[in-house]
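Topology and contacts: notes
So you can see what is in the structure, the chains are spelled out below.
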Amino acid sequence: MLVVNEFITFQIAAVCGLVGMTLGWRGVMTKYSGFYDLPTAWNQVFWGILLGGAFASYADSSLFLPYYEAQLTGERTPELNLIRLILVPLIATIGMHFLLRRKRVRKGGSQATSGWALGLAVGGMLAIVLITRKVQTDSVGFVDVLTILLIGFFAPRVEAMITAFHGTLMLRGKRWGAIFRATFWRASSLTMFYFAWFSPLAWVFIIPPVLLVQDSAEKWVWDSVPKEGRRRWRRMQADKRREKQASARLIQSPESVLINTDLSEE
């Protein structure tokens, strides 16, 4: 029975994490699909799963569990300190930095699109670990179910935004700035998701920034699309607008013919 319960727990967590990754891919990445280096982005998803699994597991044992014990006992544990909170995201950020510095990524200038894909996978692994912890609790009520759904949706998206921003700064030549800024935001997001695990109040500080950064994230991805791809995308959008206008004129033209016929009969 224990094995079955563990299997069901993993299934629930995995489904929520993968659905969050899929929803994170839709919109930003599908909007410009076919105009950026898609094979490289998918390759980053593979590496993101590996790196994200290690990052989420180590963060769980070194940061979440001490935080969990502190919440239960009301006493601060020695393992819970600022140095570890910065060090763990810093190691993960350096690993992502090296993945975004690979030749196939730099050759096409696809740091932002590759960063979005990489971040989705890392965030998906983080969501799976957190959701697993939540499902393993003794009682799961309505608030807990809502927390599971929100973590599954937002954890991949937040990581995607951070890593896409990291890639954009790399495109601008700010390598060290990219590492330091991404580390800061990753440590902040990790703290807020751990807080959200215990209190729904944390979503007040998570959801609004995500909605505000969404437009900027689309611009980061657009900046990573090659110039030729941008021209083709603009031409495609212009063709679609002309087709809509032509369709609208065809719909309106029969009405105008009927009106003119009625006027001539009178």
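Residues numbered from 1 in each chain as written. Predicted model: local features only at pLDDT ≥ 70, side-chain atom pairs only at ≥ 80, totals over all residues. Heavy atoms only, no water.

1. Comments concerning the packing of helix α7 (residues 142-171) against helix α9 (residues 203-223)
Applicable threshold: For every element, the axis is a line fit to its C-alpha atoms; helices are fit only across the contacting stretch, and the angle between N-to-C directions ranges from 0 to 180 degrees. Helix and strand labels come from DSSP, where a helix needs a run of H or I of at least four residues and a strand needs a run of E of at least two; each type is numbered from the N terminus. Should an angle fall under 35 degrees it is called roughly parallel, over 145 degrees roughly antiparallel, and 65 to 115 degrees roughly perpendicular, with every other angle called oblique. Helix crossings are classified by the rotation of the near helix relative to the far one: an anticlockwise turn of less than a right angle makes the crossing left-handed, while a clockwise turn makes it right-handed. Whether two residues touch is decided by their heavy atoms; if any such pair falls within 4.5 Å, the residues are in contact. Only Asp, Glu, Lys and Arg are considered charged in this grouping, and only Ala, Val, Leu, Ile, Met, Phe, Trp, Tyr, Cys and Pro are considered nonpolar; every other residue, Gly among them, is considered polar.
It is at 10 Å that the axes of α7 and α9 come closest, and there the two elements cross at 40°. Classed by the angle they form, the pair α7 and α9 counts as oblique. Handedness of the crossing formed by α7 with α9: left-handed. Side by side, α7 and α9 meet where Thr147, Leu150, Ile151, Phe154, Arg157, Val158, Met161, Ala164, Phe165 and Thr168 of the first sit next to Trp203, Ile207, Val210, Val213, Gln214, Ala217 and Trp220 of the second. Within the contact of α7 with α9, the residues separate by chemical class into 13 nonpolar, 3 polar and 1 charged.

2. Side note on the confidence of the model for the chain
Put simply, the test is: Known as pLDDT, the predictor's per-residue confidence is scaled from 0 to 100.
Confidence along the chain averages 84 in pLDDT terms, with 89% of residues attaining 70 or more. Mean pLDDT values over the elements of the chain span from 64, in helix α10 (residues 227-265), up to 94, in helix α8 (residues 175-198). Predicted confidence is poor over residues 256-266, with pLDDT under 50, and the contacts of this stretch with residues over four places away or in other chains come to 0 contacts.

3. Focus on the packing of aromatic side chains
A ring pair, where both rings are aromatic, is described by two values, the distance of the centres and the angle of the planes. The condition that has to hold: Working definition: a ring pair exists when centres of Phe, Tyr or Trp rings (six-membered ring for Trp) sit within 6.5 Å. Plane angles under 30 degrees give stacked, over 60 give edge-to-face, the rest tilted. Any residue under 20% of the maximum accessible area for its type is buried, any over 50% is exposed, and the rest in between are partly exposed; the area is computed with a 1.4 Å probe on protein chains only. For a lysine, the NZ atom is tested; for an arginine, the CZ atom; a charge sits over a ring if that atom is within 6 Å of the ring centre and within 35 degrees of the ring normal.
Under the counting rule described, the total for this entry stands at 16 aromatic pairs. Seen in terms of ring centroids, tryptophan 25 and tryptophan 42 are 4.8 Å apart; in terms of plane orientation they differ by 25°. Their pairing is stacked. Taken as a pair, tryptophan 25 in helix α1 (residues 2-25) and tryptophan 42 in helix α3 (residues 38-73) lie far apart in primary sequence, 17 residues in all. Tryptophan 25 sits in the buried class, given a relative accessible area of 14%. The exposure class of tryptophan 42 is partly exposed, given its relative accessible area of 49%. Joined through ring pairs, the aromatic side chains of Phe64, Tyr67, Tyr68, Tyr194, Trp197 and Phe198 make up one cluster. In this structure, lysine 134 packs its charged tip against the face of tryptophan 197, placed 4.0 Å from the ring centre.

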